[in-house]
Amino acid sequence: MTKRPREDDTESVTKKLRVNPELEAMKVTLDNLLKSANEHHEEARIAAIDTASELEEQWTEATSARDKTKAEHDAVHGELDTASQYLDTFENSATVKMLKKASENKTVGTLVQDHETIRDALTKVENLKTRLQTTLAELKVSLQKETDSAAALKEKLTAAEAKVETISSFA
(Lines give C-alpha, C1' and ligand atoms only; values in the text may rest on other atoms or scores of the structure.)
Protein backbone atom coordinates (compact mmCIF):
# COMPACT_ATOMS: atom_id res chain seq x y z
CA MET A 1 0.00 0.00 0.00
CA THR A 2 1.38 3.24 -1.01
CA LYS A 3 0.96 6.01 1.19
CA ARG A 4 -0.25 9.19 -0.17
CA PRO A 5 1.91 12.14 0.85
CA ARG A 6 0.37 14.81 2.89
CA GLU A 7 -0.25 18.05 1.17
CA ASP A 8 1.96 20.14 3.41
CA ASP A 9 4.82 17.71 3.03
CA THR A 10 4.82 17.83 -0.72
CA GLU A 11 7.86 19.19 -2.27
CA SER A 12 7.11 21.79 -4.77
CA VAL A 13 7.61 20.53 -8.17
CA THR A 14 8.84 23.18 -10.50
CA LYS A 15 8.72 22.78 -14.12
CA LYS A 16 11.75 23.73 -16.00
CA LEU A 17 10.84 26.14 -18.70
CA ARG A 18 11.96 25.14 -22.07
CA VAL A 19 14.50 27.58 -23.47
CA ASN A 20 14.02 28.58 -27.06
CA PRO A 21 17.40 29.67 -28.43
CA GLU A 22 15.85 31.85 -31.13
CA LEU A 23 13.70 33.67 -28.56
CA GLU A 24 16.68 34.16 -26.25
CA ALA A 25 18.72 35.54 -29.13
CA MET A 26 15.90 37.97 -29.91
CA LYS A 27 15.84 39.06 -26.25
CA VAL A 28 19.59 39.67 -26.25
CA THR A 29 19.27 41.62 -29.51
CA LEU A 30 16.44 43.72 -28.09
CA ASP A 31 18.38 44.36 -24.86
CA ASN A 32 21.38 45.48 -26.92
CA LEU A 33 19.19 47.68 -29.11
CA LEU A 34 17.61 49.33 -26.05
CA LYS A 35 21.03 49.92 -24.51
CA SER A 36 22.29 51.34 -27.82
CA ALA A 37 19.22 53.57 -28.15
CA ASN A 38 19.76 54.93 -24.61
CA GLU A 39 23.40 55.64 -25.46
CA HIS A 40 22.36 57.35 -28.69
CA HIS A 41 19.83 59.44 -26.77
CA GLU A 42 22.48 60.51 -24.28
CA GLU A 43 24.95 61.29 -27.10
CA ALA A 44 22.31 63.37 -28.90
CA ARG A 45 21.44 65.20 -25.68
CA ILE A 46 25.10 65.95 -24.94
CA ALA A 47 25.71 67.09 -28.53
CA ALA A 48 22.66 69.39 -28.33
CA ILE A 49 23.89 70.81 -25.02
CA ASP A 50 27.38 71.35 -26.48
CA THR A 51 25.91 73.13 -29.50
CA ALA A 52 23.72 75.32 -27.28
CA SER A 53 26.69 76.12 -25.03
CA GLU A 54 28.85 77.07 -28.00
CA LEU A 55 26.09 79.27 -29.41
CA GLU A 56 25.59 80.89 -26.02
CA GLU A 57 29.30 81.71 -25.86
CA GLN A 58 29.22 83.16 -29.39
CA TRP A 59 26.09 85.15 -28.55
CA THR A 60 27.71 86.48 -25.35
CA GLU A 61 30.80 87.55 -27.31
CA ALA A 62 28.63 89.13 -30.02
CA THR A 63 26.54 91.10 -27.52
CA SER A 64 29.69 92.19 -25.72
CA ALA A 65 31.21 93.43 -29.00
CA ARG A 66 27.91 95.12 -29.90
CA ASP A 67 27.75 96.83 -26.50
CA LYS A 68 31.36 98.00 -26.84
CA THR A 69 30.65 99.41 -30.31
CA LYS A 70 27.47 101.05 -28.99
CA ALA A 71 29.43 102.72 -26.19
CA GLU A 72 32.04 103.93 -28.69
CA HIS A 73 29.27 105.11 -31.05
CA ASP A 74 27.64 107.06 -28.23
CA ALA A 75 30.97 108.59 -27.19
CA VAL A 76 31.81 109.68 -30.74
CA HIS A 77 28.27 111.01 -31.16
CA GLY A 78 28.77 113.10 -28.02
CA GLU A 79 32.12 114.40 -29.27
CA LEU A 80 30.54 115.28 -32.62
CA ASP A 81 27.75 117.20 -30.90
CA THR A 82 30.33 119.03 -28.80
CA ALA A 83 32.45 119.88 -31.86
CA SER A 84 29.34 121.18 -33.64
CA GLN A 85 28.41 123.32 -30.65
CA TYR A 86 31.95 124.74 -30.43
CA LEU A 87 31.94 125.63 -34.12
CA ASP A 88 28.54 127.27 -33.89
CA THR A 89 29.49 129.17 -30.76
CA PHE A 90 32.83 130.44 -32.03
CA GLU A 91 31.90 131.08 -35.67
CA ASN A 92 28.90 133.11 -34.58
CA SER A 93 30.69 135.01 -31.82
CA ALA A 94 30.91 138.77 -32.08
CA THR A 95 34.69 138.63 -31.71
CA VAL A 96 35.16 136.31 -34.70
CA LYS A 97 32.84 138.52 -36.79
CA MET A 98 34.86 141.58 -35.77
CA LEU A 99 38.14 139.81 -36.61
CA LYS A 100 36.75 138.83 -40.03
CA LYS A 101 35.92 142.48 -40.80
CA ALA A 102 39.33 143.58 -39.52
CA SER A 103 41.02 140.93 -41.67
CA GLU A 104 39.13 142.08 -44.77
CA ASN A 105 40.08 145.69 -44.01
CA LYS A 106 43.71 144.83 -43.17
CA THR A 107 44.24 148.02 -41.24
CA VAL A 108 45.29 146.43 -37.94
CA GLY A 109 47.93 143.75 -38.45
CA THR A 110 47.50 142.07 -35.08
CA LEU A 111 43.76 141.64 -35.70
CA VAL A 112 44.47 140.11 -39.11
CA GLN A 113 46.93 137.74 -37.47
CA ASP A 114 44.42 136.93 -34.69
CA HIS A 115 41.79 136.20 -37.35
CA GLU A 116 44.17 133.82 -39.17
CA THR A 117 45.06 132.04 -35.92
CA ILE A 118 41.41 131.64 -34.96
CA ARG A 119 40.52 130.55 -38.51
CA ASP A 120 43.26 127.87 -38.29
CA ALA A 121 41.88 126.68 -34.95
CA LEU A 122 38.31 126.63 -36.32
CA THR A 123 39.53 124.72 -39.40
CA LYS A 124 41.08 122.13 -37.09
CA VAL A 125 37.75 121.81 -35.26
CA GLU A 126 35.94 121.48 -38.63
CA ASN A 127 38.42 118.78 -39.71
CA LEU A 128 37.92 116.98 -36.42
CA LYS A 129 34.17 117.24 -36.87
CA THR A 130 34.48 115.71 -40.36
CA ARG A 131 36.62 112.85 -39.01
CA LEU A 132 34.10 112.30 -36.21
CA GLN A 133 31.26 112.20 -38.75
CA THR A 134 33.14 109.59 -40.78
CA THR A 135 33.93 107.55 -37.67
CA LEU A 136 30.33 107.82 -36.52
CA ALA A 137 29.05 106.60 -39.90
CA GLU A 138 31.46 103.63 -39.78
CA LEU A 139 30.44 102.85 -36.21
CA LYS A 140 26.78 103.02 -37.19
CA VAL A 141 27.37 100.40 -39.90
CA SER A 142 29.41 98.22 -37.52
CA LEU A 143 26.80 98.57 -34.82
CA GLN A 144 24.04 97.50 -37.20
CA LYS A 145 26.04 94.46 -38.36
CA GLU A 146 26.87 93.47 -34.78
CA THR A 147 23.25 93.95 -33.70
CA ASP A 148 22.05 91.77 -36.59
CA SER A 149 24.68 89.14 -35.84
CA ALA A 150 23.76 89.06 -32.14
CA ALA A 151 20.07 88.75 -33.02
CA ALA A 152 20.77 85.88 -35.44
CA LEU A 153 22.88 84.10 -32.83
CA LYS A 154 20.12 84.61 -30.26
CA GLU A 155 17.63 82.96 -32.62
CA LYS A 156 20.01 80.03 -33.16
CA LEU A 157 20.59 79.78 -29.41
CA THR A 158 16.86 79.76 -28.70
CA ALA A 159 16.38 76.99 -31.28
CA ALA A 160 19.31 75.02 -29.84
CA GLU A 161 17.92 75.35 -26.30
CA ALA A 162 14.53 74.16 -27.56
CA LYS A 163 16.25 71.18 -29.18
CA VAL A 164 17.94 70.32 -25.87
CA GLU A 165 14.56 70.47 -24.13
CA THR A 166 12.96 68.31 -26.82
CA ILE A 167 15.70 65.68 -26.72
CA SER A 168 15.75 65.69 -22.91
CA SER A 169 11.98 65.23 -22.79
CA PHE A 170 12.26 61.96 -24.74
CA ALA A 171 13.50 60.22 -21.60
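Just so it is clear, the model here is predicted, and its values are computed rather than measured. (Residues numbered from 1 in each chain as written. Predicted model: local features only at pLDDT ≥ 70, side-chain atom pairs only at ≥ 80, totals over all residues. Heavy atoms only, no water.)

### Comments concerning the overall build of the protein chain
Basically, it comes down to this: Here a helix means four or more residues in a row that DSSP labels H or I, a strand means two or more in a row labelled E, and each is numbered from the N terminus. Our radius of gyration looks at C-alpha atoms and nothing else; its globule reference is 2.2 Å times the residue count to the power 0.38. In this scheme, a residue with accessible area under 20% of its type's maximum is buried, one over 50% is exposed, and one in between is partly exposed, where area comes from a 1.4 Å probe on protein chains only. Whether two residues touch is decided by their heavy atoms; if any such pair falls within 4.5 Å, the residues are in contact. Under the convention used here, a 1.4 Å probe and the Shrake-Rupley method define accessible areas, while residue burial counts only the protein chains that appear. Counting rule for charge: Lys and Arg are taken as positive, Asp and Glu as negative, and neither His nor the chain ends is counted. A charge is said to be at NZ when it belongs to Lys, at CZ for Arg, at CG for Asp and at CD for Glu.
Each helix and strand counted, the protein chain has 3 helices and 0 strands in total. Traced from its N-terminal end to its C-terminal end, the protein chain shows the element sequence α-α-α. For 171 residues, the compact-globule estimate of 2.2 N^0.38 gives 16 Å, and the C-alpha radius of gyration of the protein chain, at 42 Å, exceeds that figure by more than 25%. For the protein chain, buried positions account for 17% of its 171 residues. If you take every contact in the protein chain between residues at least 6 apart in sequence, the share linking residues at least 24 apart comes to 80%. Total accessible area on the protein chain stands at roughly 13,600 Å², and carbon and sulfur atoms take up 55% of it. Looking at charge distribution, the protein chain has the averaged site of its 25 positive side-chain charges lying 3 Å from that of its 33 negative ones.

### As for a negative patch on the surface
Rules: Exposure above 30% relative accessible area and no salt bridge define the residues that can form patches, which grow by joining like charges within 9 Å and nonpolar side chains of Val, Leu, Ile, Met, Phe, Trp and Tyr within 5 Å. In what follows, salt bridge is the name for a side-chain nitrogen of Lys or Arg lying within 4 Å of a carboxyl oxygen of Asp or Glu.
Together, Asp-50, Glu-54, Glu-57 and Glu-61 line one region of the surface with negative charge. The residue Glu-61 is located in helix α1 (residues 21–91) in this model.

### Details of the nonpolar core
Threshold: We call a set of buried Ala, Val, Leu, Ile, Met, Phe, Trp, Tyr and Cys residues a nonpolar core when their side-chain atoms join them within 4.5 Å.
Residues Ala-48, Ala-52, Leu-55, Ala-62, Ala-150, Leu-153, Leu-157, Ala-160, Val-164 and Ile-167 constitute the largest nonpolar core, which totals 10 residues. Broken down by secondary-structure element, the contributors of at least two residues to this core are α1 and α3 (109–169). Sort the elements by how many residues they give to this core and α3 lands first, with 6 residues. With residues near it in sequence (within four places) discarded, Val-164 still touches Ala-48, Ile-49 and Ala-52.

### Some details on the packing of aromatic side chains
Two numbers describe a pair of aromatic rings. These are the distance of the centres and the angle of the planes. Spelled out, the test is: When the centres of two rings from Phe, Tyr and Trp lie within 6.5 Å, Trp using its six-membered ring, the rings pair. Their planes under 30 degrees apart give stacked, over 60 give edge-to-face, and anything left gives tilted. The rule is short: NZ of Lys or CZ of Arg within 6 Å of the ring centre and within 35 degrees of the ring normal puts a charge over the ring.
Scanning the entire structure with this criterion turns up 1 aromatic pair. For the ring pair Tyr-86 and Phe-90, a centre distance of 6.5 Å and an interplane angle of 70° mean the geometry is edge-to-face. A residue pair is termed a helical-turn pair when its members lie 3 or 4 positions apart in one helix, as Tyr-86 and Phe-90 do in helix α1 at 4 residues. Judged by its relative accessible area of 46%, Phe-90 falls in the partly exposed class. One Lys or Arg, Lys-154, reaches over the ring of Trp-59 and ends 4.6 Å from the middle of that ring.

### Focus: the environment of Ser-149
With respect to the element layout, Ser-149 can be found in helix α3. In this structure the C-alpha to C-alpha distance between Ser-149 and Gln-58, which are 91 residues apart in sequence, comes to 9.9 Å.

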